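# Report on the structure
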Protein chains: 4
Amino acid sequence: MLIVMRQDATREQVDAVIHAIEERGCTARPIPGGERISIGVLYNVGPIDPATFQGMPGVKEAIPVTRPYKLVSREIHPHDSVINVGEVSVGGDNFVIIAGPCAVESESQVMSTAEHVKRVGADIFRGGAFKPRTSPYAFQGLGEEGLRILARVRENYGLPVVTEVLDMEHFDMVEKYVDIVQIGTRNMQNFSLLRRAGEAGKPILLKRGMSATVDEWLMAAEYIISEGNPQIILCERGLRTFVRHSRNTLDFSAVPVVRRESHLPVIVDPSHAAGLRDQVLPLSRAGAAVGAHGLMVEVHCMPDSALCDGGQSLYPEQFEVLCRQARAIRDIAIQNH
Amino acid sequence: MLIVMRQDATREQVDAVIHAIEERGCTARPIPGGERISIGVLYNVGPIDPATFQGMPGVKEAIPVTRPYKLVSREIHPHDSVINVGEVSVGGDNFVIIAGPCAVESESQVMSTAEHVKRVGADIFRGGAFKPRTSPYAFQGLGEEGLRILARVRENYGLPVVTEVLDMEHFDMVEKYVDIVQIGTRNMQNFSLLRRAGEAGKPILLKRGMSATVDEWLMAAEYIISEGNPQIILCERGLRTFVRHSRNTLDFSAVPVVRRESHLPVIVDPSHAAGLRDQVLPLSRAGAAVGAHGLMVEVHCMPDSALCDGGQSLYPEQFEVLCRQARAIRDIAIQNH
Amino acid sequence: MLIVMRQDATREQVDAVIHAIEERGCTARPIPGGERISIGVLYNVGPIDPATFQGMPGVKEAIPVTRPYKLVSREIHPHDSVINVGEVSVGGDNFVIIAGPCAVESESQVMSTAEHVKRVGADIFRGGAFKPRTSPYAFQGLGEEGLRILARVRENYGLPVVTEVLDMEHFDMVEKYVDIVQIGTRNMQNFSLLRRAGEAGKPILLKRGMSATVDEWLMAAEYIISEGNPQIILCERGLRTFVRHSRNTLDFSAVPVVRRESHLPVIVDPSHAAGLRDQVLPLSRAGAAVGAHGLMVEVHCMPDSALCDGGQSLYPEQFEVLCRQARAIRDIAIQNH
Amino acid sequence: MLIVMRQDATREQVDAVIHAIEERGCTARPIPGGERISIGVLYNVGPIDPATFQGMPGVKEAIPVTRPYKLVSREIHPHDSVINVGEVSVGGDNFVIIAGPCAVESESQVMSTAEHVKRVGADIFRGGAFKPRTSPYAFQGLGEEGLRILARVRENYGLPVVTEVLDMEHFDMVEKYVDIVQIGTRNMQNFSLLRRAGEAGKPILLKRGMSATVDEWLMAAEYIISEGNPQIILCERGLRTFVRHSRNTLDFSAVPVVRRESHLPVIVDPSHAAGLRDQVLPLSRAGAAVGAHGLMVEVHCMPDSALCDGGQSLYPEQFEVLCRQARAIRDIAIQNH
């Protein structure tokens, strides 16, 4: 942290800040400048709230410097983490495509979609058994019956499966049936759930909160890893902005930033960000091009009659184009990466 | 919902949309216009996702019309709800001030703060026993020991107390000790927690998510009320924006909007929004002026040594000015309201 | 500026940064820390772009420290500036209310509105002669004929008048007719216009851009003041956010921040921010409460037939309530300020 | 426009709305629904402000339906526009790369950069002669001397050149020297400048405002085209969001949306959006992948000593990789488009 004093700060005010720094077990290093004095805060053991100093007399600004995450940081762990999910590897130079319907609605719907996406080139199957819904009156998912259907997808088609868990109550159940446990955008800072994920034996797919900074996202991953589970796949899914032509705005620059700051793999979900089918293919190509380790997209064998988010689900034939284009683009993107 | 067709939409495309509407049990009402046809969707029983139609051929746009909430709506329940908390009434023409430290740190800190805020004019005491922290390495609260201290505040000073609950595991425990259970901004769409709150016998203070629309916020309240608990106090606490001179940007226009749309009381929390002590007093006055039913502010008897968010906590003497100014302004604001 | 090096930065990389700093005529001051080295940049004469250093090998981050504005800063000019407009004083402990229609539509409309707002308590009259319109097909204002009507308002009612100028072509003409020249939100970074305003002999009302930071806003004022015109009134008019229940979101915390950073007066425009009449009165009260030096609101004698933004214009009787409440609240707000 | 009445709206309130619609020369079409009545507004000749109706008694909401733009719309002009710039074609299936330094600093700097980008594969050269700068104390560009240098680039290397114009005063001068006149993000709603651009004989590169919706951007283009100049190239350059790891957030979904709504070509500028060199290559690939008609990037032969935005300028060897990857990705992206 760097504390910038006002031009008219008195000697007493500077001393009070130095005293407050040292009281917290840190070292204060005054840096005299042309117009004002600044004070560096060194050797802090945990995060210090800038507001603590910002409120003190004579202080103009307190600026955090060191990033607060540790175990997820590439500075600690320089090489790419690769997460193994059955026979699929996520991270490094691998590129995975996760596909399936928004919600598990019935065995026949799921199986016909799984058959298709497997044939065309998906690596992992997705489908929601517990759905986070803005309205209490909307379809909430099939629950454990949905999980059983997902487990049969794995048996029948050899595809690992991923589904979202909404709360700690159902974590054991979800973990039992699936290969990757997803924590959704609304739960990115559900700290109890993150801690529980840290005790899981399965990989966690951690979506970015729709208004979270990359630092907050990596700190959420730090919650999981600090409890003992290093198998984390990050997923960028779009920010809430003033834009109205799409549901959210994908933050593509987060991908190179995460890759530089952290060793964890990061994928892109264009379906929820777009909210509209027409944008999913172009945004998927962009996700492959920007250097993501994979994509997660919604595909539905009959999207026009889907119970949930049908309008953003790809038709099967569109998904085929997506797989072909995304993989070809990825090959180009990593040539000189 | 209103579905706007493209100018070049064919008769078949229009028919397909009408068919899709009727398949969902709704009534389709075509509205021919000068340049294009639109189709009204009537009598829908639950929420319909606009994306369902937006993805269909020939459709230009699908625009939701009816608000999705019911029980929280003023159209259903025209008069202001008043929530009783001990002898304090929240809502209607009452104006409540909730005050206390960010976190419960020790019995002496809490008691001296409580003594002060009670004397100066607080109606309800606040203090965090379980703290949501971005970093797993930051102080996480005293837990049940903190709850016991809060209960002693009620005994000693006759102040009802409010504290945040982070997860379902601790809901029973929190509900046992306090008078109002707070659901924080990060949990506004933690649907399991909302449902549990709906079964509680205590009032719920529901903070707005930092990137939630007012509709989503009211739908979160609808989760609680639809489970049987109508005792809800809404709390505006600021939005995440590009602004850097405050932690968040308070959305003051949400107050008149919520008051028009819903019968529930709505208060303002300037401390977390500002993140800086200097802004808390002016923003508190603005909250009283805009018509909120109350304020929730952080006060600390020794903010410079606080373990959590000390920089945004008021000094005791500032809180005294706040109470006097806010109540006087509120009296003016409701004169012709 | 503070430059934070990566943990693994080499001695050569640190030296290259120091060299680059000194090449720009500044002083480099290395600050060794626990885990990494940081380098302070001192005595810089003009603004330095952080990106210059951020792109260099071994650099983790470059953080600007000193604020870039000078003449608008309270550090240079500690006392409140008071701008004199005819017999009206803007700034300090004065509170001004500027009112009038969005657009000047006809002499009779303007005169009847002026008569009303003058009688009820407005200090300054507003009205648009040149209108910035999103659509080229919308009403663009009466131009010079509108300016003449405004001049007659001053003659008839003794109210100083303010109107917006859209471009340099019309600056001379606007300056000739009115008492305050307004630069609108879309022109906040129209640097040629700002320079021209700096040569004007009339006060400038400078609206904040709808996505401008306070720093950028103050830098826009710095353009004006550095050309020689220190008569600037700042006007907060709302930010573009994801919110849909109002046109923009007023950033009330900008008011205390501007008052702390700058000596210039700052007022609030709730009409354009809200976009809806119902929010204007509560937001006006909030503006008075937060400590603004005044308000600018739209009033129309017949808002339902206005050619422009009628839906946000107050009815005359609402404006009367506004004046009474806002002035009473302001009196309370400054008692202990 | 669709006007939704409140459930408790009276017959008189409905009639007043119908009357207000008809007074504006439009047709009112009431649509009775299950719970409330809505009223369609048909045959409106120009844009109508929703706020006009939203403020009327009994009205719950007024929702705009028809898009306000006409001449830029693909509904009017179904085929892609192709803009010819010398021998370069922008639009349709062509993919253009525009490259050069942020600012023209000296003849030698420009010529060595031009030589390089021409050889590696740029189609058009860019460079700023007039720079929009947040600070009045920052380098403002070489002015006409810069324009002369750009003209010599065209002579020496056969590259068409593009530069930004900041105001009407310099439009004639800029138009005389360059092949494409750029209107920057801060001037997207400088309506006088847009009208002047509409009278120009040269193509206009119109950057999106950093907080503009796609509708507003297309309306800005409508200003130009309605004055007679249909040669417009749109340029997405990033939105202002809460994100701090990049200067702005590129809105990639705007590209397919603009391509669907309009016949005009649209390119992407990753350099200004990123603000950091490391992100430019991945974002350029994403721009090619998402279906943009081209890219505009900053390249500097010696970025570490650039006077302006050096930190976001590519090194020459990075630009070479960019050209190769972007063109290869574009080929894949349009295969099934």
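How each quantity is defined
- Residues numbered from 1 in each chain as written.
- Chains lettered and ligands numbered in written order.
- Predicted model: local features only at pLDDT ≥ 70, side-chain atom pairs only at ≥ 80, totals over all residues.
- Helix = DSSP H or I, 4+ residues; strand = E, 2+ residues; numbered from the N terminus.
- Buried ≥ 20, exposed ≤ 12 C-beta atoms within 10 Å, placed from the backbone.
- Least-squares fit on C-alpha atoms with pLDDT ≥ 70 in both.
- Contact = placed C-beta atoms within 7 Å.
- Domains from an automatic or database assignment.
- Pairing = 2+ DSSP bridges.
- Right-handed = clockwise from strand over helix to strand, strands pointing away.
- Nonpolar A, V, L, I, M, F, W, Y, C, P; charged D, E, K, R; others polar.
- Axes fitted to C-alpha atoms, helices over the stretch in contact; angles between N-to-C directions.
- Parallel < 35°, antiparallel > 145°, perpendicular 65-115°, else oblique.
- Left-handed = near helix turned anticlockwise from the far one by under 90°.
- Expected span 1.5 Å × (residues − 1).
- Arc of directions from axis to C-beta.
- pLDDT = per-residue confidence, 0-100.

### Regarding the overall build of chain A
Regarding its fold elements, chain A presents eleven helices and 14 strands. When the backbone C-alpha atoms are referred to their principal axes, chain A occupies close to 75 × 45 × 40 Å. In chain A, buried positions account for 60% of the 337 residues.

### Some thoughts on the relation of the copies chain D and chain C
With an RMSD of 0.0 Å, the fit of chain D onto chain C corresponds to turning through 180° and sliding 0.0 Å along the axis. What the superposition gives is, in effect, a two-fold axis relating one chain to the other. Of the C-alpha atoms belonging to chain D, the one lying closest to the rotation axis is found on D:Ser211, 3.1 Å away. A symmetric contact is evident, with 100% of the interface residues of chain D recurring at the interface of chain C.

### Section: the domain arrangement of chain A
Each domain of chain A was delimited in the assignment, giving domain 1 (2-63) and domain 2 (83-333). Between the C-alpha centres of domain 1 of chain A and domain 2 of chain A there is a distance of 44 Å.

### Notes on the pairing of strand β11 (residues 204-207) of chain D
On any regular strand, side chains alternate: one points to one face of the sheet, the next to the other face. All names here are of chain D. Residues of β11 alternate between two faces, with Ile 204 and Leu 206 on one and Leu 205 and Lys 207 on the opposite face, all of them buried. Across three bridges, the pairing between strand β10 (residues 180-183) and β11 is parallel. Counterpart to Val 181 in the pairing with β11 is Ile 204. In this fold, the crossover linking β10 to β11 by way of helix α6 (residues 191-198) has right-handed handedness. As defined by bridge partners, β11 adjoins strand β12 (residues 232-236) across four bridges and the pair is classed as parallel.

### Topic: the interface of chain D and chain C
With 44 residues of chain D at the contact, the number on the chain C side is 44 residues. Elements that contribute at least two residues to the side of chain D that touches chain C include exactly α2 (50-54), α6 and α7 (214-226) of chain D. Counting residues per element, the side of chain D that touches chain C draws most heavily on α7(D), at five residues. Tallied by class, the residues present in the side of chain D that touches chain C amount to 18 nonpolar, 16 polar and ten charged.

### Describing the packing of helix α6 (residues 191-198) of chain B against helix α7 (residues 214-226) of chain B
Residues and elements named next belong to chain B. In the contact formed by α6 and α7, the axes pass within 6 Å of each other and the chain directions differ by 45°. Comparing their axes, α7 and α6 come out oblique. For the element pair α6 and α7, the recorded crossing hand is right-handed. Facing α6, whose interface residues are Phe 191, Leu 194, Arg 195, Ala 197 and Gly 198, α7 presents Ala 220, Tyr 223, Ile 224, Ile 225 and Ser 226. A breakdown of the residues in the contact of α6 with α7 according to their chemical character gives seven nonpolar, two polar and one charged.

### Re helix α4 (residues 144-157) of chain D
All names here are of chain D. The end-to-end C-alpha distance of α4, which contains 14 residues, comes to 20 Å, matching closely the 20 Å that a straight helix rising 1.5 Å per residue would cover. Burial in α4 covers these residues: Gly 146, Leu 147, Ile 149, Leu 150 and Val 153. An end-on view of α4 places all buried positions within 160° of arc, on one side of the element. The exposed set on the far side of α4, more than 90 degrees from its buried face, consists of Glu 145 and Glu 155. Buried residues in α4 make contact with α3 (107-120), β8 (124-126), β9 (161-164) and α5 (171-177). Once α4 finishes, Gly 158 follows within two positions and takes phi at roughly 70°, a positive value.

### What about the confidence of the model for chain A?
Looking at chain A, pLDDT values average 91 and 94% of them are 70 or higher. Confidence metrics for the complex model read pTM 0.90 and ipTM 0.89.

### Points about the sheet that holds strand β1 (residues 2-5) of chain D
Residues and elements named next belong to chain D. Strand order in the open sheet formed by four strands is β2-β3-β1-β4, and the pairing between neighbours is antiparallel. The strands lining the two open edges of the sheet, one partner per strand, are β2 (27-32) and β4 (59-63). Between one strand and the next, the sheet's axes are offset by a mean angle of 20°, whatever the strand orientation. Pairing of β2 with strand β3 (residues 37-42) involves six bridges; the strand directions are antiparallel. Residue Ala 28 lies in a different strand from β3, and its bridge partner there is Val 41.

### Describing the sheet that holds strand β4 (residues 59-63) of chain C
All names here are of chain C. With antiparallel pairing, the four strands of this open sheet are ordered in space as β2-β3-β1-β4. Edge positions in the sheet fall to β2 (27-32) and β4, since each has one partner strand and no second. Each adjacent strand pair in this sheet contributes to an overall mean axis angle of 20°, direction not counted. As paired elements, strand β1 (residues 2-5) and strand β3 (residues 37-42) share three bridges and run antiparallel to each other. Pairing of Ile 3 across the sheet is with Ile 39, part of β3. This element, helix α1 (residues 11-23), spans β1, β2, β3 and β4 of the sheet and lies at about 5° to β3.

### Details of the environment of D:Leu150
Residue and element names in this part refer to chain D. Note on placement: Leu 150 falls in helix α4. Leu 150 sits 27 residues away from Tyr 177 along the chain, and the two C-alpha atoms are 7.7 Å apart. Leaving out residues up to four positions away in the same chain, Leu 150 has contacts with Val 104, Gly 127, Ala 129, Val 161, Thr 163, Tyr 177 and Val 178.

### Digging into the packing of helix α10 (residues 277-290) of chain A against helix α11 (residues 316-333) of chain A
Residue and element names in this part refer to chain A. For the pair α10 and α11, the least separation of the axes is 8 Å and the interaxial angle reads 25°. In terms of their interaxial angle, α10 and α11 are classed as roughly parallel. Of the two possible hands of crossing, α10 and α11 adopt the one that is right-handed. Here Leu 281, Ser 284, Arg 285, Ala 288 and Ala 289 of α10 come into contact with α11, specifically with Gln 318, Val 321, Leu 322, Gln 325, Ala 326, Ile 329, Arg 330 and Ala 333. Its residues placed into classes, the contact of α10 with α11 shows eight nonpolar, three polar and two charged.

### A look at the environment of B:Asp172
With respect to the helices and strands, B:Asp172 occurs in helix α5 (residues 171-177). Between the C-alpha atoms of B:Asp172 and B:Ala200, which are 28 residues apart in sequence, the distance is 8.7 Å.

### So, the environment of C:Gly184
Residues and elements named next belong to chain C. Relative to the helices and strands, Gly 184 is located in the loop between β10 (180-183) and α6 (191-198). Between the C-alpha atoms of Gly 184 and Ser 262, which are 78 residues apart in sequence, the distance is 20 Å. The residues touching Gly 184, leaving out its near neighbours within four places in the chain, are Pro 132, Glu 164 and Lys 207.

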